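Residue-level structural notes
Listed below are the residues making up each chain.
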Amino acid sequence: MPDTLSAPDVFVRFLLDADSSPGLLSRLLQPYAKRDLIPDRMWSHRSGDTVHVEIAMEAMPAQVVHLVEGNLRQIVGVRSVSRVSRSCLRQVA
């Protein structure tokens, strides 16, 4: 596994559309939980049989972004996943 001290962190926001179903939101958090990550923001809105979800992290380790995205795409009922990302600089006090 790459050294987390040398790997940059990135701001990442995933935008998803999925079938409305019980347990969907908890399944969307599993890719984060199994990597000991906690999203900074999660928002969802149901419109008919579709749930629109945003999950964002201000500083996600760059080496896991593609892994989390791949896991989100594999969740049953997820129709689409879009990613918005950019580098971030951590401020040290």
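To be clear, the structure that these remarks concern was listed above.
Attention in this report is confined to the structure presented alongside it. All figures in this text were calculated on a predicted structure; none of them were measured in a lab.

Turning our eyes to something else, we now look at the pattern of salt bridges. Taken as a whole and judged by the stated rule, the model has six salt bridges. Between R79 and D19 there is a salt bridge whose closest N-O contact spans 2.6 Å. In this pair, R79 sits in strand β4 (residues 78-87) while D19 sits in strand β1 (residues 9-19), placing the two residues 60 residues apart along the sequence. Note that R79 is salt-bridged to D49, the shortest N-O span being 3.9 Å. Within this pair, whereas R79 is found in strand β4, its partner D49 is found in the loop between β2 (41-47) and β3 (50-61), the two being separated by 30 residues in sequence. Using a relative accessible area of 44% as the deciding quantity, one classes R79 as partly exposed.

Here we come to the nonpolar core. F14, L16, L28, Y32, M60, L72 and V78 are the most contacted members of the largest nonpolar core, which totals 21 residues. If you list the elements that add at least two residues to this core, you get β1, α1 (24-33), β3, α2 (62-74) and β4. Those residues in contact with L16, other than ones at most four positions away along the chain, are L28, V51, H52, V53, I55, L72, V78, S80 and V81.

Residues spaced three or four apart along an α-helix face the same direction, because each turn holds 3.6 residues. Every buried residue of α2 is listed here: Q63, V64, V65, V68, E69, N71 and L72. Packed against the buried residues of α2 are β1, α1, β3 and β4.

So, on to the sheet that holds β3. The strand order across the open sheet built from four strands is β2-β3-β1-β4, with neighbouring strands paired in antiparallel fashion. Edge positions in the sheet fall to β2 and β4, since each has one partner strand and no second. Each adjacent strand pair in this sheet contributes to an overall mean axis angle of 15°, direction not counted. Summarising the sheet, β1 and β3 pair through 10 bridges and their orientation is antiparallel. Following the sheet pairing, L16 is matched in β3 by V53. Lying on the sheet, α1 is in contact with β1, β2, β3 and β4; it crosses β3 at an angle near 20°. Here α2 sits on the sheet and contacts β1, β3 and β4; the angle it forms with β1, its principal contact strand, is near 0°.

Rules and cut-offs
The numbering scheme is per chain: residues are counted from 1 as the chain's sequence reads. In view of the model being predicted, local features appear only for residues whose pLDDT reaches at least 70, and side-chain atom pairs are presented and counted only at 80 or more, with totals across whole chains, interfaces and linings using the full set of residues. Note that water and hydrogens are dropped before the side-chain values are worked out from all heavy atoms of the structure. The term salt bridge refers to a pairing of a side-chain nitrogen on Lys or Arg with a carboxyl oxygen on Asp or Glu at a separation within 4 Å. Strands here are runs of E lasting at least two residues and helices are runs of H or I lasting at least four, both read from the DSSP assignment and numbered beginning at the N terminus. Burial classes: relative accessible area under 20% of the type maximum marks a residue as buried, over 50% as exposed, and values in between as partly exposed (1.4 Å probe, protein chains only). Definition used in this section: a nonpolar core is a set of buried Ala, Val, Leu, Ile, Met, Phe, Trp, Tyr and Cys residues joined via side-chain atoms within 4.5 Å. By definition in these notes, contact holds between two residues if any of their heavy atoms fall within 4.5 Å. The pairing criterion is simple: DSSP has to find at least two bridges between the two strands. A fitted line through C-alpha atoms serves as each axis, taken over the contacting stretch for helices, and the angle formed by two N-to-C directions is quoted from 0 to 180°.

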